[in-house]
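# Tertiary structure, described
For reference, the chains in residue letters:
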Amino acid sequence: MAHRKPDIVRDHWRDMTRAAQDDPDQTPEEIRERVERYWPGLTTDPGGVDYLETEVAGLPALWAVPKHSPEDRVILSVHGGGGVSGSIYTHRKMFGHLAKAAGVRALITGYHRTAYPVPVADTVTAYRGLLDQGFDAGHIALAGDSLGAGVSLAAILRARELGLPLPAALMLLSPWVDMTVGEETFDTNRATEEFFYKEVVEILAYLYLGGADPKDPLASPLHADLSGLPPIYIQAGGDETLLGEARRLAGNARAAGVDAEIEVFPGQLHTFQMAAGRSKVSDDAIGKLAQWVRPKLHLP
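In short, a report on the structure. Quick caveat: nothing in here was measured; it's all calculated off a predicted structure.

### Thoughts on helix H3 (residues 92–102)
For H3, the tally of buried residues reaches eight of eleven residues, placing the bulk of the element in the interior. Every buried residue of H3 is accounted for by Lys-93, Met-94, Phe-95, Gly-96, His-97, Leu-98, Ala-99 and Ala-102. Gly-103, located one to two residues past H3, shows a positive phi value of around 70°.

If you want it as structure tokens, here you go:
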């Protein structure tokens, strides 16, 4: 008799939903504590990567340094978590896998867990800090998952407004880029989703916006002018409800003349790359990110 292959990402989101149903009055602190406890176990340690603690914008940050990686290239990595959870520590190993696969050091940064626009401003500060340290913009790529993807994109839009040189590339994993929560995949993918149902995302969007207009282009980059941005590579899960905005973001970018591509992984859920080291599809996705970004950073 065939047995179902374990899907630790699906099980993780299913457990998150069950916990919310069992305790509908849980506080953001309780959610954060549960994520901090369980998320790191989804990813194996990549090995061969040193983590060095630092500080960016008054917040703790981590350098993930693969052995023999060049000192003049960097992937600025911004974690997700819906604005209420997630940290540099929950995402350390996932971004460590990306850094190792690409052979490029990563700076994993956090942001204050408060409403927009603070997370965007914190990420702009981190990016500006790399420029101030002497990194060439053409040697910097950004990577982010979920809200971290939206914040990464918004930070570069803000950098464009400020006249800063733009980075070489953007890698967006299951991007959450539309606070209007209006894509049809919230309905069409509801049966395959395990956590990010429309009503859940509406609550998270309300908390993140803090009263801001949901169509503000820096809160919802799906509604922004994307012209002039660097190449963008998007990965999304075929079963996740945020698939629609990932697809539309890619289309909007192409229409604005941006070199943008999207890859949809059938049967996968939100930020499935978190299972790096435990799932072949997650490892393949990380490998594709690495293969894509290396020439953008002028590496062989």
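### Here we look at a negative patch on the surface
Together, Asp-22, Asp-23, Asp-25, Glu-29 and Glu-30 make up a negatively charged patch on the protein surface. Tracing the sequence through the fold places Asp-25 in the loop between helix H1 (8–22) and helix H2 (28–38).

### Remarks on the nonpolar core
Trp-13, Ile-75, Tyr-127, Met-171 and Ile-232 are the most contacted members of the largest nonpolar core, which totals 99 residues. If one sorts the elements of this core by residue count, helix H5 (residues 147–161) sits on top with nine residues. Apart from the residues lying within four places of it in its own chain, the contact partners of Tyr-127 are Leu-76, Ala-137, Ile-140, Leu-142, Ile-156, Ala-159, Pro-165, Leu-166 and Pro-167.

### Points about the layout of surface pockets
Roughly 600 Å³ of volume is contained in the largest pocket. Broken down by secondary-structure element, the contributors of at least two residues to the lining of the largest pocket are H1, H2 and helix H7 (198–209). Here the element with the most residues in the lining of the largest pocket is H1; it accounts for six residues. Split by residue class, the lining of the largest pocket holds 16 nonpolar, ten polar and three charged.

### Thoughts on the pattern of salt bridges
One pass over the structure, following the stated rule, counts 15 salt bridges. A single network of salt bridges, built from pairs that share partners, joins Asp-7, Arg-10, Asp-11, Arg-14, Glu-194 and Asp-239.

Rules of the game
- Residues numbered from 1 in each chain as written.
- Predicted model: local features only at pLDDT ≥ 70, side-chain atom pairs only at ≥ 80, totals over all residues.
- Heavy atoms only, no water.
- Buried < 20%, exposed > 50% of the residue type's maximum accessible area, 1.4 Å probe, protein only.
- Helix = DSSP H or I, 4+ residues; strand = E, 2+ residues; numbered from the N terminus.
- Patch = residues over 30% accessible without salt bridge, like charges linked within 9 Å, V, L, I, M, F, W, Y side chains within 5 Å.
- Areas by Shrake-Rupley, 256 points an atom, 1.4 Å probe, with all protein chains shown as cover.
- Salt bridge = Lys/Arg side-chain N within 4 Å of Asp/Glu carboxyl O.
- Lys, Arg positive; Asp, Glu negative; His and termini not counted.
- Charge placed at Lys NZ, Arg CZ, Asp CG, Glu CD.
- Core = buried A, V, L, I, M, F, W, Y, C linked by side-chain atoms within 4.5 Å.
- Contact = heavy atoms within 4.5 Å.
- 1 Å grid on protein atoms, 1.4 Å probe; cavity = no way out; pocket = protein on both sides within 12 Å on 5 of 7 lines; lining within 4 Å.
- Points joined across faces, edges and corners; volume = space filled by probe spheres on them.
- Nonpolar A, V, L, I, M, F, W, Y, C, P; charged D, E, K, R; others polar.

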